[in-house]
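Results of the structural survey
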Amino acid sequence: MAAADSPSAALRRRDLCSRGIRLAGKMRSDVIDLLDTYVERQGLDASASVAAVEGVPAAAAERWDEQTGTQRLLDNLAAYRAFRALLAQMLEEQREQLGEADAALGRALAAVLLQVSAFAYHLEELLRLESRGPPSEEGAGPPPPPHLGLFERKLRGLGVLRELAQWAVRSARDLRQLAKPSPGSSSAPSPAESP
Amino acid sequence: MFSAWNWVAHGLYLLLNICFLEVSGGLVQSCGHIIPESPVLALGSNFTALCILNESCLDFGNIYANQIIWKIKNRVVPKEQYREINRTVSSVTFNDTSSLATPLTCNILADGQIEQNIYGITVTIGLPPEKPKNLSCIVHQVSKLTYPMTCTWNPGRHTFLDTHFRLKYRWPQENFPDCIPKDVNNSCTITDVQFFVNLEVWVEAANALGKAESDPLVLDPIEIVKPLSPHNLSVNSGILPTVLKLSWENRISAAVMKLKFNIRYRIIGDTNWMQVPPEDTASPRTSFSVQGLRPYTEYVFSIRCMKEDGVGYWSDWSEEKTGVTTEDKPTKGPPIWRIIDASHSPASWTVQLMWKALEPFEANGVILQYEVTVRAKSSLSSPPEKYSVNTTNLTLKLPNGTYEVTVIARNRVGASPPSVLLIPASNSKAPVKNVRTLPKDGKLWVGWTAPNSYVLKYVIEWCLVSNSSDCITEWQNEPGNVQGTYLKGDIKPFKCYLITVYPLYADGQGSGQSVKAYLQQDRPSKGPTVQTKKVGKAEAVLTWNHLTVDEQNGFIRSYTIFYKTIDGNETAVTVDPSKTEYTLSSLTSDTLYTVRMMAYTDEGGRSGPDFTFTTQKFGKGEIEAIVVPVCLAFLLIVLLGVLFCFNKRDLIKKHIWPIVPDPSKSNIAQWSPQVPAKHNFSSKDQMYPEGSFTDVSVVEIEADDKKSFSEQDLKPFDLLKKEKSTSEGHSSGIGGSSCMSSPRQSVSDSDEGEATQNTSSTVQYSTVVLNGYRDQTPVQVFSRSESTQPLLDSEERSEDHAGGGDSATQRQQYFKRNGGQDETNTDRPCFERTKQITPANEGDLVGFAQLQISGQSSQPLGIELEKNTQEAALSDVLQTSTEGQTVRPETVEGSPLSVDEMPKSYLPQTVRQGGYMPQ
């Protein structure tokens, strides 16, 4: 890892990590609340199983503890960019579907979308501090939405939110790993910290 | 805004005015215009306007630029500011736009004099916006997920223009829509913000003259959150009586921020809050146990929170919740005192034990009962007597002795430590000294000097001294190490308190030392009523009663007596307050004084009612000194007078009581020997004890008028005079009537015939009518009076009075008539009364005859006199006419008049029964 060695960069990195962790925590909290609202408003069963959403990277990683910090950041960035697009799409669909009738759900979706966007910004900044710079968004977005039915769109939205909640947990752990003073420690996390 | 509309209205008005008909019935067309059109200018800048005339107007109206006049409102702009650029364009320049006003018009002098308006513009003057300053933001949590952020700033000076403010904010990678203030220009609220990302916030102000931006504020909104206060606060009592457990819910997610707390509490009814140490609540939590509380006490709790690291704002205090700690044993025994009444019996006391209810913080619960134990110290072997009472006093009848009394308070949890009081046989220990009081902070402080011995504690006893109520004793305990305390009770101002301090020792108590005190003094509610006890000529002794305690309102420091006369100055005398009497001296005698009296406390005085008194005219003994000598002198004078009179009685008798000849000794008495018995009671009878009495009849001689007094008529008078002169001094017998003549005149018998024969008018005759004495047949005699005795009115009156009321009335009427005759006939010789002077025959009876002279008909009267007299003697009534002209016997016979009604009779009067009747 080619981390910047200047004290200000270290402070900046620590600050970004710290706030990223808290943002991830709040995002998870908000997504959990949003899931309840979404299931209720969309008339879904909270226990319904949803297949993996296409275009959303899975939060689970087989060798999570072996990942480098940059790799973690890149994975997170890719995921949140995808979530940003998916949530924007969901928000659009929600507005088309319910109009202004369910403003609370729309506001909650918009709030989560903002947090996803903010978290992506955190990741990009951290990547910059890694002297790597964020990758271009071109071609990194999710595939164009297939033509799905209404129920399928609802289930897809449910899957997006669930996966986002998972990613919020993982991201917090990734950033906590990155925030550790020794860069090498990130390669040997304790099993208890694994998601 | 208003000014802009105003200017627009002016502009429209001008546009209408500057248009005119170029051709009659043609189109309305402007003859020129101004550049720039309605400019907005910065205040203080320079400005140039151009007025451009249309070519068509030049040809038609011979209008050129040199004729243009610029006006601001109706004020002509000085020509120096004009410049003719060419024949159709004129400019005007203002170096400072502050001199500008709207409208600015371009006018022209048509035909040399007529001023026509060509065009006008509105000029808007203002300022560019200032850079907004002091931008600050705060995030108010309004619900669990809603965090609006409100930013405020200083908009700067007033620009006089429509200035728009916008709150701008953005993330580094994302812009957000601006926040536009509503109705204000210094704050705006962003409805929702996201935390943990730095947000750049700034304010942009813009108007027609420019825009300005504030310095950007970069912040993470999580750092400026004012969270909602915790809610659903509950208070639960724990096992311990000094602990209460608080529980609550936080309304901000721990994922958003971790919180720290402040907990405050107070005893209900108290206003001062206590606070749990902040370090004990500096970590996130939803419950806390507050310790160190009082048992059985109700507390009020409240809580607030903020971000754990202290960045941000404290929430508001939560709603207040109360909780009560559980009970505990009383921490101390009740203070105890006693009142000993030994007046009923010398061998036993009535002891009233009193103790105070414990304060709540001492009782630690509800006191269920008090346990009193009385143990006699003298006989330790005897078992103590125990009492359980629910009240705070107990009255016992105890034999004279020393006792140890203990009182224990008991609540549900347990009993208090005992309070011990020794009841001694006598207060033989050392008392406190120098008891003093001092009002301080609305309370009454009592201080004393402790005795040398160790004092266990002090008892301060006090009561309100009043005339209207008994002295109800209150008391309090103080520890033995203090030498002063505030009285704990409802101490009222203007009331007198008697305060007693007792020292209590381990083996007895000292006697009490008392002092009177006021918490606050005032003027007396009334003044003393003064009155005099004794008033003298120059001094007065004043007395008054002391004011009652209720009236004093403080310590009476002095009395002042004010006294004055009605018109004099008031004099004041200060009197010692212990006195109830004072003597005013050096007063003026016989003078009305007004006196009043004032009683003074430290706060002032009040006057009593006025009292007035008058000093005496004479001093003590002065009257006696005057009266006694006067009386003595009077008595002396009287005595001297009496002695003088006694010595000179002969001389006095000669002057006062001249020797009056006794008519009874006169000659006539020899031929009329009968003497009426009734005259024995007259004074003359006393003078002449021989029993003879003299009746006098007066014959009035009346003249009707002066004319009737002819010389012929007056002859008898001349004759009388002659005879009078011859008989004066030695005549005797029947005296003639006399009038202003010498009393010694007398008429002899021989004159009677002559007078009767020679005078036709008046004859000096006495008509002597003899009534029978008692039942005797009267012998009527006509005789001429030969007496020369003067007729004394006083004597006759006294006789008349003695003789009977009828005679007196008649006589009075007669003399009155006679007097009236005197008044009317003062210019004539009048008549004479015969006066009989009979010095040698005083014991004889003398009859007085009344001689009446009628001037007008003296002769007929003289003729008829005898006849009339005879008739009168028979009828015992004689009546003559008022004028004496006509005598009508028939009238007399027909209607005999009463004595009072008897008309003026100038005829010789007959003597009626009981009248004057020579006998």
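Refer to the structure printed above.
First things first, this report covers the structure right here in the doc. Values in this document were obtained by computation on a predicted structure and should not be read as measured data.

Residue and element names in this part refer to chain B. If you walk across this open sheet you meet the 4 strands as β7-β6-β10-β11, and the pairing is antiparallel. The open sheet terminates on both sides in strands that have one partner only, identified here as β7 (75-76) and β11 (114-121). Two strands pair when backbone bridges link them, and strand β6 (residues 68-72) and strand β10 (residues 104-110) are joined in this way by 5 bridges, in the antiparallel orientation. When the sheet's bridge partners are listed, Lys71 is paired in β10 with Thr105.

Attention now moves to the interface of chain A and chain B. Interfaces are frequently sized by the accessible area removed from exposure as the parts join. Listed per partner, the contact involves 16 residues of chain A and 18 residues of chain B. On the chain A side of the contact with chain B, Arg19, Arg22 and Lys26 of chain A bury the most area, a combined 40% of that side's loss. The partner of Arg19 of chain A in a salt bridge is Asp220 of chain B, and the shortest N-O contact between them spans 3.2 Å. Linking chain A with chain B are 5 residue pairs in polar contact (both at pLDDT 80 or more), by the criterion used here.

For the rest of this paragraph, the subject is a nonpolar patch on the surface. Residue and element names in this part refer to chain B. On the surface, a nonpolar cluster with roughly 570 Å² of combined accessible area is contributed by Val628, Leu632, Phe634, Leu635, Val638 and Val642. Here Phe634 shows up in helix α5 (residues 622-647). Here Phe634 falls in the exposed class, since its relative accessible area comes to 54%.

Turning our attention to the state of the cysteines. All names here are of chain B. On inspection of all chains with the given rule, the structure shows 3 disulfides over all chains. A disulfide bridge connects Cys137 with Cys151, and the sulfur atoms are separated by 1.9 Å. With the S-S dihedral at roughly 105°, the linkage between Cys137 and Cys151 falls on the right-handed side. On the criterion of sequence distance, the pair formed by Cys137 in strand β13 (residues 133-140) and Cys151 in strand β14 (residues 149-154) is long-range, its members being 14 residues apart. The class for Cys151 is buried, based on a relative accessible area of 0%. One disulfide bridge connects Cys179 with Cys188, the sulfur atoms lying 1.7 Å from each other.

Bringing the environment of Asn553 of chain B into the picture now. Residues and elements named next belong to chain B. Counting through the fold element by element, Asn553 comes out in the loop between α4 (549-552) and β45 (558-565). In this structure the C-alpha to C-alpha distance between Asn553 and Arg523, which are 30 residues apart in sequence, comes to 6.2 Å. If we ignore the near neighbours within four places in the chain, the residues touching Asn553 are Phe494, Tyr518, Gln520, Gln521, Asp522, Arg523, Pro524 and Ser525.

Residues and elements named next belong to chain B. Most of strand β48 (residues 592-601) sits out of view: 7 of its 10 residues are buried. Across 8 bridges, β45 lies against β48 in antiparallel orientation. Bridge pairing in β48 places Tyr559 opposite Ala599. Sheet topology places β48 next to strand β50 (residues 611-614); 4 bridges connect them, and they run antiparallel. Pairing of Val595 across the sheet is with Phe611, part of β50.

Criteria and cut-off values
Residues numbered from 1 in each chain as written. Chains lettered and ligands numbered in written order. Predicted model: local features only at pLDDT ≥ 70, side-chain atom pairs only at ≥ 80, totals over all residues. Heavy atoms only, no water. Pairing = 2+ DSSP bridges. Helix = DSSP H or I, 4+ residues; strand = E, 2+ residues; numbered from the N terminus. Contact = heavy atoms within 4.5 Å. Buried area = accessible area lost by both parts, 1.4 Å probe. Salt bridge = Lys/Arg side-chain N within 4 Å of Asp/Glu carboxyl O. Polar contact = N/O pair within 3.5 Å; in protein donor to acceptor, adjacent residues only side chain to side chain. Patch = residues over 30% accessible without salt bridge, like charges linked within 9 Å, V, L, I, M, F, W, Y side chains within 5 Å. Areas by Shrake-Rupley, 256 points an atom, 1.4 Å probe, with all protein chains shown as cover. Buried < 20%, exposed > 50% of the residue type's maximum accessible area, 1.4 Å probe, protein only. Disulfide = S-S within 2.5 Å.

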